[in-house]
Amino acid sequence: MASWHAKSKPSVNGTVMGSSKVRVSPATPFLTVQAGVDATADGDVVLLLDGVYSGAGNTMIEVSERAITIASASSDPTAVVLTCAGVPDTRIFNINQAPQGPTTIAAMSMVGCQTDEGGAMKITTISAAEQDESSVVSVVGVVFQNVNSTGQGGAIYSSLRTQVTLRSCFFVLCYSNGGVVSHTDAGLLFITDCTFQFLFTMPGTTGSSLFRTSSSQFVMEDSTVDTCINKIGRAHV
């Protein structure tokens, strides 16, 4: 197992500045999260040094068929901020998970994003036939703030039988057209010790803090839902 470091570039008003050179070496920080992810093999860890990450390589990050961990090196979610800086149709992570093993996203903040599905993260599997108990995505200690969707999943959209675990996450000031967390297609969703606060849906829709279709299964425990409209919804009854 290897640990790879990514270091944020200086940013001014959400615009990435400075060199775009990527230094590919475990001993030297990468300059984008995507560069660090692309260098990994199963079991590796991408550690994000403190800073603000935005722009190409730090948004729309593709994590495909990799059993890796991406986390703050300092374990402080407020010290590592990944932002879309208000750029439309942009999210932070696209995770295409296959049964190589679990993927973990931990200890960071995701802010200022809006898409049509999954404001901060979109999680899928390659196919339902390839899904098994190892197709797991864990999101731990992540802050989702002002991440929105005109469709389902203001913060997270997952589908195709993926198992998703949310632990010690904080969702605040998010809106959607169907739940800040949308989990569909017979997937399993486990929510533990999370906080959902000041979440909204568009007029005429259902589901704010959690939204699911009738085929999904979920467990929520030790979590707080505060000042939300339409706390739990279903696509089909």
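One can find the structure itself at the top, above this paragraph.
Note that the structure is predicted; figures quoted are calculated from it, not measured.

Would you explain the overall build of the chain in this entry?
Broken down by element type, the chain carries 1 helix and 24 strands. In the chain, buried positions account for 50% of the 237 residues. Taking the intrachain contacts of the chain between residues at least 6 apart in sequence as the baseline, contacts between residues at least 24 apart amount to 79%. Taken as a whole, the chain presents about 9,600 Å² of accessible surface, with 53% of it coming from carbon and sulfur.

Please clarify how the sheet that holds strand S11 (residues 109-115) should be interpreted in this entry.
What holds strands together in a sheet is hydrogen bonding between their backbones, with the strands either parallel or antiparallel. Read across the sheet, 7 strands follow the order S5-S8-S11-S14-S17-S20-S23 without closing on themselves; strand pairing throughout is parallel. Of all strands in the sheet, those bounded by a partner on one side alone are strand S5 (51-53) and strand S23 (224-228). For this sheet the average axis-to-axis angle between neighbouring strands, irrespective of direction, equals 10 degrees. Sheet analysis places strand S8 (residues 80-83) next to S11, joined by 3 bridges and oriented parallel. The residue of S11 that forms the bridge with Leu 82 is Met 110.

Is there a simple way to think about the packing of aromatic side chains in this case?
Within the structure shown, the criterion is met by 2 aromatic pairs. When the centroid spacing of 4.8 Å and the interplanar angle of 5 degrees are considered together, the rings of Phe 144 and Phe 171 count as stacked. On the criterion of sequence distance, the pair formed by Phe 144 in strand S14 (residues 143-149) and Phe 171 in strand S17 (residues 170-176) is long-range, its members being 27 residues apart. Between Phe 171 and Phe 196 the ring centres are 4.8 Å apart and the planes differ by 5 degrees, which places this aromatic pair in the stacked class.

Hey, could you run me through the environment of Pro 77 in this one?
Turning to its location among the elements, Pro 77 is positioned in the loop between strand S7 (69-72) and S8. Here the alpha-carbon distance between Pro 77 and Met 110, two residues 33 residues apart in the chain, equals 9.2 Å. Residues in contact with Pro 77, not counting those within four places in the same chain, are Ala 107, Met 108, Ser 109, Gly 141 and Val 143.

Explanation requested: the nonpolar core in the structure shown.
Within soluble globular proteins, side chains that are nonpolar tend to cluster in buried spots. Among the nonpolar cores identified, the biggest contains 42 residues, and Ile 70, Phe 93, Met 121, Phe 144 and Phe 171 are the most heavily contacted of them. Excluding residues within four positions of it along the chain, Phe 171 makes contact with Phe 144, Ala 155, Ile 156, Leu 166, Val 180, Val 181, Thr 195, Phe 196, Gln 197 and Leu 199.

It is not clear to me how unusual backbone geometry should be interpreted in this structure. Could you clarify?
Excluding glycine, residues mostly have negative phi values, and the peptide bonds linking residues are mostly trans. A positive phi angle, near 55 degrees, is found at Ala 107, a position not held by glycine. In this fold, Ala 107 is placed in the loop between strand S10 (103-106) and S11. Despite not being glycine, Asp 193 shows a phi value in the positive range, around 55 degrees.

Sorry if this is basic, but what is going on with the pairing of strand S13 (residues 136-140) here?
Each regular strand displays side chains that alternate between the two surfaces of the sheet. With 5 of 5 residues buried, S13 lies mostly within the body of the structure. Here S13 shows a buried face lined by Val 136, Ser 138 and Val 140 and a second buried face lined by Val 137 and Val 139. Note: S10 against S13, 4 bridges, orientation parallel. Bridge pairing in S13 places Ala 106 opposite Val 140. Across 5 bridges, the pairing between S13 and strand S16 (residues 163-167) is parallel.

Quick question: what am I supposed to make of the side chain of Asp 44 here?
Within the element layout of this structure, Asp 44 appears in the loop between helix H1 (33-38) and strand S4 (45-48). Of the side chains with opposite charge, Arg 66 lies nearest to the buried Asp 44, which makes no salt bridge, at 7.2 Å. Polar contacts involving the side chain of Asp 44 include one to the main-chain amide nitrogen of Ala 41, which spans 2.9 Å.

Help me understand the state of the cysteines in this model?
Joining two cysteines, a disulfide is a covalent bond between their sulfur atoms. Throughout the structure, instances matching the rule amount to 1 disulfide. The closest cysteine sulfur to the non-disulfide-bonded Cys 169 is located on Cys 194, 4.6 Å from its own sulfur. Among the residues examined, Cys 169 registers a relative accessible area of 2% and is labelled buried.

Reading guide: rules and limits
- Residues numbered from 1 in each chain as written.
- Predicted model: local features only at pLDDT ≥ 70, side-chain atom pairs only at ≥ 80, totals over all residues.
- Heavy atoms only, no water.
- Helix = DSSP H or I, 4+ residues; strand = E, 2+ residues; numbered from the N terminus.
- Buried < 20%, exposed > 50% of the residue type's maximum accessible area, 1.4 Å probe, protein only.
- Contact = heavy atoms within 4.5 Å.
- Areas by Shrake-Rupley, 256 points an atom, 1.4 Å probe, with all protein chains shown as cover.
- Pairing = 2+ DSSP bridges.
- Axes fitted to C-alpha atoms, helices over the stretch in contact; angles between N-to-C directions.
- Phe/Tyr/Trp six-rings, centres within 6.5 Å; stacked < 30°, edge-to-face > 60°.
- Core = buried A, V, L, I, M, F, W, Y, C linked by side-chain atoms within 4.5 Å.
- Lys, Arg positive; Asp, Glu negative; His and termini not counted.
- Salt bridge = Lys/Arg side-chain N within 4 Å of Asp/Glu carboxyl O.
- Polar contact = N/O pair within 3.5 Å; in protein donor to acceptor, adjacent residues only side chain to side chain.
- Disulfide = S-S within 2.5 Å.

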